[in-house]
Amino acid sequence: MGTHCRVCLGKELDFFYRQEDLVYWSCSRCQAVLLDEKKLPDAHEELKRYQEHNNYPVDAGYRNFLNRLASPLLQKLPGRSLGLDYGCGPGPALSVILKKAGHRVELYDPFFYPDKIVLEQKYGFITCSEVVEHFHRPYEEFVRLDKMLCPGGWLGIMTCFFLPGHDFGQWHYRRDPTHVVFYQPQTFHLLAGMFGWSCEIPVPNVVLMQKNRF
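Rules behind the numbers
- Residues numbered from 1 in each chain as written.
- Predicted model: local features only at pLDDT ≥ 70, side-chain atom pairs only at ≥ 80, totals over all residues.
- Heavy atoms only, no water.
- Helix = DSSP H or I, 4+ residues; strand = E, 2+ residues; numbered from the N terminus.
- Polar contact = N/O pair within 3.5 Å; in protein donor to acceptor, adjacent residues only side chain to side chain.
- Pairing = 2+ DSSP bridges.
- Axes fitted to C-alpha atoms, helices over the stretch in contact; angles between N-to-C directions.
- Contact = heavy atoms within 4.5 Å.
- Buried < 20%, exposed > 50% of the residue type's maximum accessible area, 1.4 Å probe, protein only.
- Parallel < 35°, antiparallel > 145°, perpendicular 65-115°, else oblique.
- Left-handed = near helix turned anticlockwise from the far one by under 90°.
- Nonpolar A, V, L, I, M, F, W, Y, C, P; charged D, E, K, R; others polar.
- Right-handed = clockwise from strand over helix to strand, strands pointing away.

(A) Just the side chain of Asp36, in detail. With respect to the helices and strands, Asp36 occurs in the loop between strand S3 (33-35) and helix H1 (43-50). A polar side-chain atom of Asp36 sits 3.0 Å from the main-chain amide nitrogen of Lys38.

(B) Molecular detail of the sheet that holds strand S7 (residues 149-158). In space, the six strands of this open sheet follow the order S5-S4-S6-S7-S10-S9, with mixed pairing throughout. Taken across any chain shown, the strands that pair with only one partner, and hence form the sheet edges, are strand S5 (104-108) and strand S9 (197-200). The sheet shows a mean angle of 20° between the axes of neighbouring strands, direction not considered. As judged from the five bridges shared by S7 and strand S10 (residues 206-211), these two strands associate in the antiparallel manner. The residue of S10 that forms the bridge with Leu155 is Met209. Its contacts with the sheet place helix H2 (residues 60-74) against strand S6 (123-129), S7 and S10, and it is angled at close to 155° to S7. Packing against the sheet, helix H6 (residues 185-195) makes contact with S7, S9 and S10, and its axis sits at approximately 165° to S9.

(C) Representation of the environment of Glu37 in the model. For Glu37, the location among the structural elements is in the loop between S3 and H1. By relative accessible area, Glu37 is classed as partly exposed at 31%. Once the C-alpha coordinates of Glu37 and Tyr24 are considered, the two residues, 13 residues apart in sequence, prove to be 9.2 Å apart. Only 2.6 Å separates the side chain of Glu37 from the side chain of Arg137, close enough to count as a polar contact.

(D) Spatial organisation of the packing of H2 against helix H3 (residues 93-100). Viewed as axis vectors pointing N to C, H2 and H3 meet at an angle of 50°, and their least axial separation amounts to 10 Å. The pairing of H2 with H3 is recorded here as oblique in orientation. Between H2 and H3 lies a crossing of right-handed hand. For the pair H2 and H3, the contacting residues are Tyr62, Arg63, Leu66, Asn67, Leu69, Ala70 and Leu74 in the first and Ala93, Leu94, Ile97 and Leu98 in the second. Grouping the amino acids of the contact of H2 with H3 by side-chain chemistry returns nine nonpolar, one polar and one charged.

(E) A look at the pairing of strand S4 (residues 82-86). Most of S4 sits out of view: five of its five residues are buried. Side chains Leu82, Leu84 and Tyr86 of S4 all project onto a buried face; the interleaved residues Gly83 and Asp85 project onto the opposite face, where all are buried too. Looking at chain direction, S4 and S5 are connected through five bridges and run parallel. Note that in S5 the partner of Leu82 across the bridge is Arg104. Between S4 and its parallel partner S5, the chain crosses via H3, and the hand of that crossover is right-handed. Relative to S6, S4 is paired through three bridges, and the arrangement is parallel. Residue pairing in the sheet places Gly83 in a bridge with Phe125 of S6.

(F) Fine view of the packing of helix H4 (residues 138-148) against H6. Following both chains from N to C, one finds H4 and H6 inclined at 55°, their axes separated by 12 Å at the closest point. Considered as vectors, H4 and H6 are oriented oblique to each other. Crossing angle aside, the handedness with which H4 passes H6 is right-handed. Each of Tyr139, Phe142, Val143 and Asp146 in H4 lies in contact with H6, whose residues at this interface are Phe188, Leu191, Met194 and Phe195. The class makeup of the residues in the contact of H4 with H6 is seven nonpolar, no polar and one charged.

And the structure:
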């Protein structure tokens, strides 16, 4: 596993769960659960799984799902903000919703929209919808996101929280082989404190964090 948590850099890691050759650890500092580093999927495995997804803008059910993040985020944004859909996948439906609301949205995905030029800009908002659970190096990714956010900018995240009482072994979210880190609400509150962000959870599985204006 290594000597520290890949989410918050904490050093108190405890054995959490094993299924065959998959081992998971929990961080006593941020409460995240992480797949052992030695078992992280490679890029080929990830792409094969992502190509099985059928998440496209024309799917009304998927748009309704994304509105769980889009609706509370749109209430925070000033008009015509520039945003980045980070990890948008092959069918960037969230960007369609945000553009219809009058915002400009750039796209980035390491497999489907890999132009890294967009990572050199500053944004008024960044969205990560069903993305952060795929991060192999979450802390490094959050550092990158922080650097791209303008002061006062918003980071909108949607991921399925792991909550006490869940049967981790049978949990559908864990069984996706590309899901390698699982967050609790307190994980995001701790990260917000580390980066100087505010943090709110408007609905289950959705996090809005605002970067300090100064």
